[in-house]
Amino acid sequence: MKIEIQSKVYHNQDSVVEALKDVNMSFDTTGIHVIIGESGAGKTTLLNIIAQEDTDFSGHVETEGIVSYVKQDIELLETLKVIQHLHMASTDANAVNEVMQNLHIDHLKNKKIKHLSLGQMRRVQFACALLTPCSYL
């Protein structure tokens with residue numbers, strides 16, 4: 001993956017905020033890469049651009065495949081059970097069971113999302129991301 005962002009600007013009511021400027025980096029398809037920075041430094045903005053959820057910037061991003069990431073907000077359907085969410089990400093029952101065991105949520109599989117704690121919901125989101133075929137997570 002190659003990222004070259006000249007600028008990402010947000011226009012608020014009475015100001016212009018330059019969220020990213022002169023960002024140049026590349027990532028291999030293997031390994032773990034960490035993006036760190038202070039609150040408000042543009043980490044989420046960068047991830048939104050990489051995942052092609054934000055296209056309003058100057059520059060370009062070249063990826064070799066699909067990018068997926070776990071968002072900060074909980075984006076799960078409250079009325080569905082954990083297992084239903086995971087089967088939307090993968091129809092491979094063995095993979096679903098393995099991810100549930102690894103994330104210690106297998107005992108929650110028949111619980112509805114609305115009955116989970118925030119931490120449990122986050123684990124379900126991670127499980128969905130792990131089960132979704134992608135080149136970058």
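Below is a summary of the structure that appears in this document. (Residues numbered from 1 in each chain as written. Predicted model: local features only at pLDDT ≥ 70, side-chain atom pairs only at ≥ 80, totals over all residues. Heavy atoms only, no water.)

Observations concerning the packing of aromatic side chains
- Enumeration according to the criterion identifies zero aromatic pairs in this entry.
- The ring of Tyr10 carries Lys8 above its face, with NZ or CZ at 4.6 Å from the centroid. (Phe/Tyr/Trp six-rings, centres within 6.5 Å; stacked < 30°, edge-to-face > 60°. Lys NZ or Arg CZ within 6 Å of the ring centre and 35° of its normal.)

Focus on the pattern of salt bridges
- Applying the stated criterion across every chain, the model contains four salt bridges.
- If you follow the salt bridges from partner to partner, you end up with Glu53, Lys71 and Glu75 in one network. (Salt bridge = Lys/Arg side-chain N within 4 Å of Asp/Glu carboxyl O.)

Some remarks on the pairing of strand β2 (residues 16–26)
- Sheet topology places strand β1 (residues 2–11) next to β2; nine bridges connect them, and they run antiparallel. Within β2, the residue paired with Ile5 across the bridge is Val23.
- The turn linking β1 back onto β2 is made up of four residues. (Pairing = 2+ DSSP bridges. Helix = DSSP H or I, 4+ residues; strand = E, 2+ residues; numbered from the N terminus.)

Quick look at a nonpolar patch on the surface
- Together, Ile32, Val34 and Ile36 line one region of the surface with nonpolar side chains, adding up to about 400 Å² of accessible area.
- Within the secondary structure, Ile36 sits in the loop between β2 and α1 (43–50).
- Since its relative accessible area comes to 72%, Ile36 is described here as exposed. (Patch = residues over 30% accessible without salt bridge, like charges linked within 9 Å, V, L, I, M, F, W, Y side chains within 5 Å. Areas by Shrake-Rupley, 256 points an atom, 1.4 Å probe, with all protein chains shown as cover. Buried < 20%, exposed > 50% of the residue type's maximum accessible area, 1.4 Å probe, protein only.)

Thoughts on the environment of Val17
- Tracing the sequence through the fold places Val17 in strand β2.
- As a C-alpha pair, Val17 and Ser90 span 73 residues in sequence and 39 Å in three-dimensional space.
- Setting aside anything within four residues of it in sequence, one finds Val17 in contact with Lys8, Val9, Tyr10 and Asn12. (Contact = heavy atoms within 4.5 Å.)

Re unusual backbone geometry
- The backbone of Asp22 shows a phi angle near 50 degrees, a positive value even though the residue is not glycine.
- Even without a glycine there, the phi angle at Gln52 is positive, about 60 degrees.
- Tracing the chain through its elements places Gln52 in the loop between α1 and β3 (58–62).

Brief notes about helix α3 (residues 93–102)
- All buried positions along α3 are accounted for by Val96, Val99 and Met100. For α3, the angular spread of buried residues about the axis comes to 100 degrees, placing them on one side. Counted as exposed and oriented over 90 degrees from the buried face of α3: Asn94, Gln101 and Asn102.
- Close packing links the buried residues of α3 with α2 (82–89) and α4 (118–131).
- Its side-chain oxygen at 3.0 Å from the backbone nitrogen of Asn94, Asp92 defines the N-terminal cap of α3.
- Phi for His104, located one or two positions after α3, is positive at around 55 degrees. (Arc of directions from axis to C-beta. Polar contact = N/O pair within 3.5 Å; in protein donor to acceptor, adjacent residues only side chain to side chain.)

By themselves, these figures tell us nothing about what the structure is for.
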